[in-house]
Amino acid sequence: MADPNPLLLQIDEPESESPKIVKQHPSLDDMIERCIGNCPWTLFQATLVSFAWFFDALQTFISVFTDAVPTWHCTSPSSSSCNNICQIPRDSWNWDLPVHTSIISEWSLECSGSIITGLPASSFFLGCLAGGFVLATLADSSLGRKNLLVLSCLIMSLSGVLTTLSINVWMYTTLRFISGFGRSTIGACALVLSTELVGKKWRGNVGIIGFICFTLGFLSLPGIAYLTRGSSWRLLYLWTSVPSVFYSVLLYFLVHESPRWLYIKGWKEEFARTLRSIAAPANRSSLTDSFFCRWVEWEEESQETDMYSAIKMLLQKSWAFWRLASVMVVGFGAGMIYYGMPLGLGNLEFNLYWSVALNAFLELPASFLMFFLTGKLDRKISILGFALLSGICSVTCAMVRWKGMQIGLELVSFFCAVTAFDVVLIYTLELFPTCIRNSAVSMVRQAVVLGGVFGPLLAAAGRKNGFLSYGVFGITIAVCGLFVIFLPETRGRTFCDTIDEEEQKNGALSNGVNTA
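Predicted, not measured: the structure shown is a model, and the values here were computed from it. (Residues numbered from 1 in each chain as written. Predicted model: local features only at pLDDT ≥ 70, side-chain atom pairs only at ≥ 80, totals over all residues. Heavy atoms only, no water.)

Let's shift gears to the nonpolar core. Counting 120 residues, the largest nonpolar core has Val-49, Trp-53, Phe-61, Leu-149, Leu-251, Tyr-338 and Phe-432 as its most contacted members. Considering every element that reaches this core, the biggest residue donor is helix H23 (residues 403–431), with 17 residues. For Phe-61, the contacting residues outside a window of four places in its chain are Phe-214, Phe-218, Leu-221, Tyr-338, Tyr-339 and Pro-342. (Core = buried A, V, L, I, M, F, W, Y, C linked by side-chain atoms within 4.5 Å. Buried < 20%, exposed > 50% of the residue type's maximum accessible area, 1.4 Å probe, protein only. Helix = DSSP H or I, 4+ residues; strand = E, 2+ residues; numbered from the N terminus. Contact = heavy atoms within 4.5 Å.)

The subject of this paragraph is the environment of Arg-379. Mapped onto the elements, Arg-379 comes out in helix H22 (residues 379–399). Assessed through its relative accessible area of 6%, Arg-379 is described here as buried. Note: C-alpha distance between Arg-379 and Tyr-427 (48 residues apart in sequence) is 6.4 Å.

Our focus in this paragraph is the pattern of salt bridges. If you walk through the whole model with that rule in mind, you get 8 salt bridges. In this structure, the salt-bridge partner of Asp-56 is Arg-183, at a minimum N-O distance of 2.5 Å. You can see Asp-56 sitting in helix H5 (residues 52–61) and its partner Arg-183 sitting in helix H10 (residues 169–183), a full 127 residues away along the chain. Comparing Asp-56 with Arg-183, the two get one shared label, buried. Arg-234 is the partner of Glu-106 in a salt bridge, and the nearest nitrogen-oxygen pair spans 2.9 Å. Remark: Arg-234 occurs in helix H13 (residues 233–254) and Glu-106 occurs in helix H7 (residues 103–106); sequence separation between them is 128 residues. Taking relative accessible area as the criterion, Glu-106 reaches 24% and is therefore assigned partly exposed. Within this structure, Asp-56, Arg-183 and Arg-445 form a network of salt bridges that share partners. (Salt bridge = Lys/Arg side-chain N within 4 Å of Asp/Glu carboxyl O.)

Time to look at H13. Every α-helix winds through 3.6 residues per turn, so residues three or four apart in the chain are directed the same way. The terminal C-alpha atoms of H13, which comprises 22 residues, lie 33 Å apart, in line with the 32 Å expected from a rise of 1.5 Å per residue. Listed in full, the buried residues belonging to H13 are Trp-233, Arg-234, Leu-236, Tyr-237, Thr-240, Ser-241, Ser-244, Tyr-247, Ser-248 and Leu-251. (Expected span 1.5 Å × (residues − 1).)

With that out of the way, let us pick up the side chain of Glu-410. Residue position: Glu-410 is located in helix H23. One polar contact links Glu-410 to Asn-359, side chain to side chain, over a distance of 3.3 Å. (Polar contact = N/O pair within 3.5 Å; in protein donor to acceptor, adjacent residues only side chain to side chain.)

Structure follows, in structure tokens:
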């Protein structure tokens, strides 16, 4: 019969046992695993944290509708040409919908260059880049995962509300930059916090829940846009931003900080209090002060970090630097297709609402595929295969002229890119220890966003030459996907918490010892 209190059994071993045995095993991981591994409350908190991806998706792709060029028609039969809106008098044509349905029609940007019309979307991704570099390390240093997630959600949602007050494209662009600045760390914080709140059994699945929430947000956007068609574009911002404000408040009061991060920081009292709060009811009586006193020598190994020490460790350790560089290159390629393809859907001459909905819907099977197979798929082979297939389909899409085959190839390419993107984020979690994990994930997401910065520009260029959008998308993701061959396989490995622990595990792996 199993001992009803395995925690005390592990701690009360005779002191004659060699202490080196404890140090050779991931004791913190084992402790958290036994305390909260299958606790429903931690699963609820992890799911609530993952829902931040829902609002992230709304603000990421909202410009597909608010910045779209509305349809128009000629009003004067004498007009010699109705093909180019900029070559006929203004009184010879009119918009099909009220002018306030898009920023293009409201601010008369229909004849502006692609740089002006694509500037708001690009500024959003530039804000993501700036915010990532400024905010990313705060989750590993001073603020922690939870506080930075709440702060990021508030910045993104409040700037979205303020966007409705824009009076010109420049004010609008500035507020989109601020929104991107806040949004930059939401995905990384939500992913890291949710996976650090649960045990190993649920870690991969909880990470995928975030992707599913992002898909649901993306999928709901065309529905919200369709229901508000004919209304002001400002209404779409209100519908997507106000609920996010209330969500941020709810998140602050219902979710705990990551016990792993508290432990690494050496905050013993907060670590103990948090672990008691989220532990399974059967284990709470065992988590006494004397129990935590047994972990004093672990506390002494805690790593105090300043704002940029995590980045320094990533750059100073050669293995960490090469891992980060390789996975960032892969993320750049995935990001270019992931953010660029939805912006280029208008070039395929399909109904915008349906084409966006189909692309968003494809994220569901991609997320469910990862949810059920994340424990069985090798990371390297999966990323390489999906990246190459996505690239081939994207390039072929730019070369064919039949509309049915075009949309089919675009959907397959987008599906493979989404799946590769999901695997890359899970892979990054497993490649780096707790003390630098959030910074590493944030840097990879920055690379993904950097790929997205080029999306609006390539999508605009693709209106005249399709290969400049879908052709470039395909070549980029295929070439970048090849860099995964320089990374180690991580499927089935346990999380490491410190740099030393990761290096010891790497040494054991190189000597043929299984440390999983």
